[in-house]
Amino acid sequence: MTPAAHSPRSAEPPATTSAADAAQAPRHGWLIAIALYVLSTMTLGFPALTGKLLLNPRSDQYIAGYSFRDFAARHFREFGEIPQWNPYLFGGMPFVDAMHGDTFYPTALLRLLIGTGPGMTWGLIIHVFLAGVFAFLFLRTMRLSFVASLVGGLAYQIGGNVAGLVSPGHDGKLFLCALLPLALYLVARGIRDGKRWAFGPLAIVIGLGVLSPHPQLLQYMLLLTGAFALFMAWDTSRLPDAPSGRDRAMRLAAALVSVIVGMAMGAIQFWSVRGYTAFSPRSGGLSREAAVSYSMPIEEIFNFAIPQFTGMLDRYWGSNGIHFHSEYIGITTLVLVGLAFGAWKSRTETRTMRFFVAALVISLLWALGGNTPFYNLPYALVPGTKFFRAPSTMLFIVSFCFAVLAAFGAERIMRGADGRKSIIVLAAVVATIGILGILGGLTSAGSAIAGPERVARVLANDPDLRAGSLRAMAFGLLLCGTAWMTMTRRLSRDLASALLVAIVLVDIWSVVRHYWIFSPSADVLFASDDTLDYLKAQPAPVRAYTDILGQPQNFRDPNLTGDGLMAHALPVVWGYHGNHIQRYERLLGEGNSQLGNPNAWKLLNMKYILTNVPDLGIGATVVAGPDTNAAGNTVYLHELPVQTSYAWVASAIVKAEEDAVAATVLDPRFDMRTVALFDTSVAVEGQTLTTLPAPSNIQVSVTNYRAGAATLALSAPAPVGAALVVSENYYPGWVATVDGKPATVGTADVSLIGVVLPEGARTVELRFENRPYEVGKRITLIALGIALVMWALGLFAGRRRTVAVA
């Protein structure tokens, strides 16, 4: 053992809590904490035990997310691989590159093991549980007492900005909510405590955050984690046994390496996304107006304490229109935060509180988005911000900061500190706001804020607001009373601990339970019907256009307004995604203006219209229906009066600019079997024509078809200069062989696949090969290996150091 090992500068601060707290913490405290977080989660999620799905029929998961995930699971079971091409939406689009949810996050394994619907449900439930456990772990490592950590973890776990995310089905957001406190815990252990083993797991946590995949919340998590790492390095320099400046710099460097390795771990998803950016509708970023859409209105800060202020779920009258989540922090959590601000003996605790107060203020201003001038700074300076909207999603950081401060408030109560003046002030504030709401004062304030156009909705919400004000006042005063009796030693420590936990739990649960909306199993939600069975019976790939054209029984119908047909392996002309291939929109025209154009029907292989009206007025024939679908709508399947096909042979090839191509192919006088109009970027020699050639009479049949691959047979040998056009979007990665030999492939007829046919061609094989994905997969595996090595080497170094010190 070297003399340096004895020096105060090399000594590590204690990892968790003080000896006094260790004595007060119950035996098997971890088991108690886990049991509490299981209980708090399952009081919300118990219907899942009976087979119900945690799937709000108003959420994007119902309209689209389920279909994405079910397709990936079905494809993997059948072919043993992640699908690379989605042929079911928007004329076809890359599956990985365009992003279809948590394809590479561990929850995908649940869907393979227990089914798509149950896998999605338990993925949400497990992460609500983990959010509590990891928050508790972080608070313990910040040397807060067992009870304070328990309360803080609970406040974060079931708060509206975490547990409430199951209502809109925002699973990627929930994953990052759970990962945030774990990342902060590892930063504290690595930078403050000098535990080298922490940097490997930190890289894995960052990698999981990348694979969530929700880049916006990942950005927010990285910002807070980075700021906390700097704070930890600075804060340890104020300790009596502070590590040297070199040690702190090395720890920060190790944390930075962890972030780099973690980001690289997400390459299996994002390496191919890089190439897709130019094809996406978001390729140029969002305007400031779009970027600040779904900012949190300032008045919704009241929802932190009384969630009924702007109305819950159907009662919402606020300015954002869509509001399936909850901002509820918890009146009891807020009271605990108020109690946190008192005299603290430890400067370390004071500095930690100040950090989270600063983080709270900044994240709240960020969440308010365009409603304050502050958002101009991140929009202009923070990389990536211009590609995101809904700044209000920063609220999970706000919620976490409140939970940490609430834990300090609970700590102050359990230490028996004198906070009676604070309690009196907080009780007065709670009572005043509660009475104001009960007497209708908050409704009057809401009417003034909403304006004449929304005042009727404010008044309709009045009974709920009055009841919510009474509820909030009751819980707030109950917490104040418990704090008073604990500080004045009228309650035993054990009873006070149980009461604190119970009051916080019941307070938040009584609100958030309304956001845990369960539905029947997927067999019921996405059941087939006669119209879908008719489509499934068609021999070749054909597309249907789906829409609500008459007054429906249910506007939220995944078969008519979403991606429900994808769950039945049926392709549709449009869909619900938001990141489709931009060129495809030009075939449909602005606002889908070309949907009545027979040439568009042929180009898109659109043979059917599925809707809820019996007569379209365009000569279409009803071939199935009327039938009642799973969403409760009466539907009809109309066959259009044109002959369509998945592929056709054009007699000649011409190269032209996109605008000219679009104007030509959408002209009803143009016969697409005469000329294949290739984009000028395609390496093919086009012809110069003075007159159009005769249309080709060669028929094309599909002999084999699956997502990302097709085999096509020509009824006669191809003539010189001919091309095959396939009604599938072209995207780099499509390759073709003609009679076993490689052929030139490129964009034809604005957005479709064009294949140059040599003379005499009879068979064409198409397949989608995603080479960037393969590169990204290798990078991910290498990065994961590096993270595991970092972890192992850190553990080994820690054991060697322990032996040396001993």
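This text follows the structure it describes.
Because the structure is predicted, anything quoted here is derived from the model rather than measured.

Reading the values: the criteria
- Residues numbered from 1 in each chain as written.
- Predicted model: local features only at pLDDT ≥ 70, side-chain atom pairs only at ≥ 80, totals over all residues.
- Heavy atoms only, no water.
- Axes fitted to C-alpha atoms, helices over the stretch in contact; angles between N-to-C directions.
- Helix = DSSP H or I, 4+ residues; strand = E, 2+ residues; numbered from the N terminus.
- Left-handed = near helix turned anticlockwise from the far one by under 90°.
- Contact = heavy atoms within 4.5 Å.
- Nonpolar A, V, L, I, M, F, W, Y, C, P; charged D, E, K, R; others polar.
- Expected span 1.5 Å × (residues − 1).
- Buried < 20%, exposed > 50% of the residue type's maximum accessible area, 1.4 Å probe, protein only.
- Arc of directions from axis to C-beta.
- Core = buried A, V, L, I, M, F, W, Y, C linked by side-chain atoms within 4.5 Å.
- Parallel < 35°, antiparallel > 145°, perpendicular 65-115°, else oblique.
- Salt bridge = Lys/Arg side-chain N within 4 Å of Asp/Glu carboxyl O.

Engineer: What exactly am I supposed to notice about the packing of helix H13 (residues 331-340) against helix H16 (residues 395-414) here?
Structural biologist: Two measures define how a pair of helices packs: the angle their axes make with one another and the distance between the axes. Between H13 and H16, the shortest axis-to-axis distance is 7 Å and the interhelical angle comes to 65°. Seen along the crossing, H13 lies across H16 with a hand that is left-handed. Of the residues in H16, those in contact with Thr 333, Leu 334, Leu 336, Val 337, Leu 339 and Ala 340 of H13 are Phe 402, Leu 405, Ala 406, Phe 408, Gly 409, Ala 410, Arg 412 and Ile 413. Here the contact of H13 with H16 is composed, by residue class, of 11 nonpolar, 2 polar and 1 charged.

Engineer: I'm lost on helix H10 (residues 245-265) in this one. Help?
Structural biologist: Three or four residues apart is the spacing at which side chains of an α-helix point the same way, because the helix has 3.6 residues per turn. Taking 1.5 Å of rise per residue, 21 residues should cover 30 Å, and H10 covers 30 Å from first to last C-alpha, within 8% of that figure. Arg 248, Arg 251, Ala 255, Ser 258, Val 261, Gly 262 and Met 265 are the residues of H10 that are buried. Taken end-on, H10 shows its buried residues confined to a sector of 145°, consistent with a single buried face. In H10, the exposed positions angled more than 90 degrees off the buried face are occupied by Arg 246, Leu 256 and Ile 260.

Engineer: How do you make sense of the nonpolar core when you look at a structure like this?
Structural biologist: Nonpolar side chains in soluble globular proteins tend to end up buried together. Counting residues in hydrophobic clusters, the biggest one holds 150 residues, and the most contacted among them are Phe 138, Tyr 156, Phe 228, Phe 400 and Trp 516. With 16 residues, H16 is the largest single contributor of residues to this core. Excluding residues within four positions of it along the chain, Trp 516 makes contact with Thr 41, Leu 44, Gly 45, Leu 54, Ile 125, Val 128, Ala 163 and Val 166. Within the second largest apolar cluster, 108 residues are counted, among which are Leu 525, Phe 526, Leu 666 and Leu 752.

Engineer: What is the right way to read the packing of helix H8 (residues 199-210) against helix H9 (residues 215-236) from this model?
Structural biologist: Where H8 contacts H9, the axes come no closer than 9 Å and their chain directions differ by 155°. Comparing the axis directions of H8 and H9 gives the class roughly antiparallel. Facing H8, whose interface residues are Ile 206, Gly 209 and Val 210, H9 presents Leu 218, Met 221 and Leu 222.

Engineer: Even after reading the chapter, I still don't get the pattern of salt bridges, so can you show me in this structure?
Structural biologist: Where charged atoms from two side chains of opposite charge approach closely, those side chains can pair. As enumerated under the stated definition, the model contains 25 salt bridges in all. In this structure, Asp 70 engages Arg 74 in a salt bridge whose closest nitrogen and oxygen atoms are separated by 3.0 Å. Here Asp 70 and its partner Arg 74 are both found in helix H3 (residues 60-79), 4 residues apart, which amounts to about one turn of the helix. Look at Asp 70 and you get buried, because its relative accessible area is 9%. Given a relative accessible area of 27%, Arg 74 falls into the partly exposed group. Salt-bridge contacts for Arg 673 lead to Asp 671; the nearest nitrogen and oxygen are separated by 3.0 Å. Residue Arg 673 is classed as partly exposed on the basis of its relative accessible area of 35%. If you follow the salt bridges from partner to partner, you end up with Arg 69, Asp 102, Arg 111 and Asp 171 in one network.

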